[in-house]
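# Structural characterization, general
If you want the building blocks of each chain, they are given just below.
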2 protein chains.
Amino acid sequence: MNVKLTVEYDGTNYHGFQVQPNANTIQEELEKALARRLNRPVRVIGAGRTDAGVHAAGQVVNFFGAMPIPLDRVPVALNSVLPRDIRIVDAKTVSETFHARFSALRKTYVYTIYRGPYHSVFWRRYSWWVTHNLDIAAMNQAAHGLVGQRDFASFAASGGAAKTSERHLMECLVSEEGPLVKVKFTADGFLYNMVRNLMGTMVDVGMGVLSMGGLAAILAGRDRALAGITAPPQGLCLERVDYELS
Amino acid sequence: MNVKLTVEYDGTNYHGFQVQPNANTIQEELEKALARRLNRPVRVIGAGRTDAGVHAAGQVVNFFGAMPIPLDRVPVALNSVLPRDIRIVDAKTVSETFHARFSALRKTYVYTIYRGPYHSVFWRRYSWWVTHNLDIAAMNQAAHGLVGQRDFASFAASGGAAKTSERHLMECLVSEEGPLVKVKFTADGFLYNMVRNLMGTMVDVGMGVLSMGGLAAILAGRDRALAGITAPPQGLCLERVDYELS
């Protein structure tokens, strides 16, 4: 049996999704909870390897093997042994060929900025504090200019293992909600740190220190050194992962 | 000089507002930050002594003495030495007779419930997780029935030092925002644990286990033993404190 879980987590206290030695990770907690409930070692495959401090509202993982617990009881059974900052939202069986990472058609990330003279205590774990005024119309124009099938090499951190730096950014939308600015990115895949690197550069546009022409030159240059800073991790959330109906 | 500060805090990691031995409190952190910036011991007076785990968006404190820092620089000066879960939002000078607690005309608390099959990781520190269906119209009817000058003895925890258990509840409003239910309480003052005790009983109304007649009988009985449970602290937030213009 191949089981697909949808997972929500607050990444503040974790060293990212992927298991690594001597660091607590989301994957390790999921595997520990599954081992405890299924009485056997379990290895999960995650759709997105979120970094330390990055959150998820709709991370997807899958794992193989017999499932002695009725599927509709799986979220409650796992949540009762998981830390409170990780929740199983949904569990379903999928075809044997389903792979959380390779079967993904597109992923959506949302990056949240908090604007104001101080960083709200309620948003500090879930947003990037920006004190400068931001021109939201200019940021939306930049967002529009990024959409498409493009080479995003200028926004890829070194250390990524991708064969190509071309990605199809299907949607990029900037919206305001009171003191928050949210930027939604949907793509067929993302390079390592791509959303956070795009955000650093989009904030340069919002602050007026980078023009649309400058942004186009950064994209065309295909050189990470040309682009802006990497926005901090706590503003980033893996919102959802979409698959073919399976 | 009498200085009034407006303070926002995430109460999760504190043993409440008021200084107590061998426990970290909001008041202690404020007094440490002030002592560091003013180079003298400072005692602050708080408007509301919020309990462990309770939050504030608009707590008010005042303190007396010389102020060597320009007032408009005070928030930044204090925020730079305060923990990140406590922020000074505003600082102003007030008349010598101003007392954060005794001069308050009314306080507003907001209590937040999260409804759903699991407790959202993003709301777990700021809400009470309720899995039962809640009849919001019935809760609003109950809220309406609570408003007025009343004896709230049935909703006062023992341990309070109040001389009378009469309070004027000016506003009580239930609203829905997606999975959240927010209840706003404005009164000239609150008895110890009054909002959390009212919430426990209002949720009984929302679940249909307590009728409007039952609620009236609890109020009339003036006996804490008659009312529902005390709702957990993390759903509670001191939203604002109002004063005469001063």
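Model, not experiment: these values are computed from the prediction.

### Points about the interface of chain B and chain A
Each partner contributes to the interface: chain B provides 21 residues, whereas chain A provides 22 residues. Its largest share of buried area at the contact with chain A, chain B owes to Tyr-118, Phe-122 and Arg-124 of chain B, together 36% of the area lost on that side. For the interface between chain B and chain A, the tally reads 2 salt bridges. In this structure, Arg-124 of chain A and Asp-10 of chain B form a salt bridge, with 3.3 Å as the shortest nitrogen-oxygen distance. Taken together, the elements giving at least two residues each to the side of chain B that touches chain A come down to strand E1 (2-9), strand E3 (55-64) and strand E4 (86-94) of chain B. In terms of residue class, the side of chain B that touches chain A is built from 10 nonpolar, 4 polar and 7 charged.

### A word on the packing of aromatic side chains
Residues and elements named next belong to chain A. Under the counting rule described, the total for this entry stands at 8 aromatic pairs over all chains. With centroids separated by 4.7 Å and ring planes inclined at 55 degrees, the aromatic side chains of Phe-98 and Tyr-243 adopt a geometry described as tilted. Here Tyr-243 lies in the segment after strand E10 (236-242) and Phe-98 lies in the loop between strand E4 (86-94) and strand E5 (106-115), a separation of 145 residues in the sequence. Exposure class is identical for Phe-98 and Tyr-243. Each is buried.

### What about the domain arrangement of chain A?
All names here are of chain A. Examined at the domain level, chain A breaks down into domain 1 (2-94) and domain 2 (106-242). Look at where the C-alpha atoms of domain 1 and domain 2 centre, and you get two points 27 Å apart. Looking at the side of domain 1 facing domain 2, the largest losses of area belong to Asp-51, Val-54 and His-55, adding up to 37% of the total buried there. One can count 2 salt bridges joining domain 1 with domain 2. A salt bridge links Asp-10 to Arg-125, with the nearest nitrogen and oxygen atoms 3.0 Å apart. Joining domain 1 to domain 2, the criterion identifies 11 residue pairs in polar contact (both at pLDDT 80 or more).

The rules we used
- Each residue is numbered by its place in its chain's sequence as written, counting from 1.
- A letter from A marks each chain and a number from 1 marks each ligand, given out in the order of writing.
- In keeping with the predicted nature of the model, local features appear solely for residues at pLDDT of at least 70, side-chain atom pairs appear and are counted solely at 80 or more, and the whole-chain, interface and lining totals rest on all residues.
- Neither water nor hydrogens contribute to the side-chain values; these are computed over all heavy atoms in the structure.
- Only heavy atoms matter for contacts: two residues are in contact if any of them lie within 4.5 Å across the pair.
- Summed over both partners, buried area is the accessible surface (1.4 Å probe) that two parts give up on being assembled.
- By definition here, a salt bridge exists when the distance from a side-chain nitrogen of Lys or Arg to a carboxyl oxygen of Asp or Glu is within 4 Å.
- Runs of H or I in DSSP of at least four residues are treated as helices and runs of E of at least two as strands, each being numbered from the N terminus.
- Throughout, the ten residues Ala, Val, Leu, Ile, Met, Phe, Trp, Tyr, Cys and Pro are labelled nonpolar, Asp, Glu, Lys and Arg are labelled charged, and all others, Gly among them, are labelled polar.
- Two rings belonging to Phe, Tyr or Trp (six-membered ring only in the last case) form a pair when the distance between their centres is within 6.5 Å. Interplanar angles under 30 degrees mark stacking, angles over 60 mark edge-to-face geometry, and anything in between is tilted.
- Buried residues are those whose accessible area, probed at 1.4 Å on protein chains only, stays under 20% of the maximum for their type, while exposed residues exceed 50% and partly exposed ones sit between those limits.
- Note that domain bounds follow an automatic or database assignment of domains.
- What qualifies as a polar contact is a pair of N or O atoms within 3.5 Å, subject to a donor-acceptor requirement within protein and to the restriction that residues adjacent in sequence count only when both atoms come from side chains.

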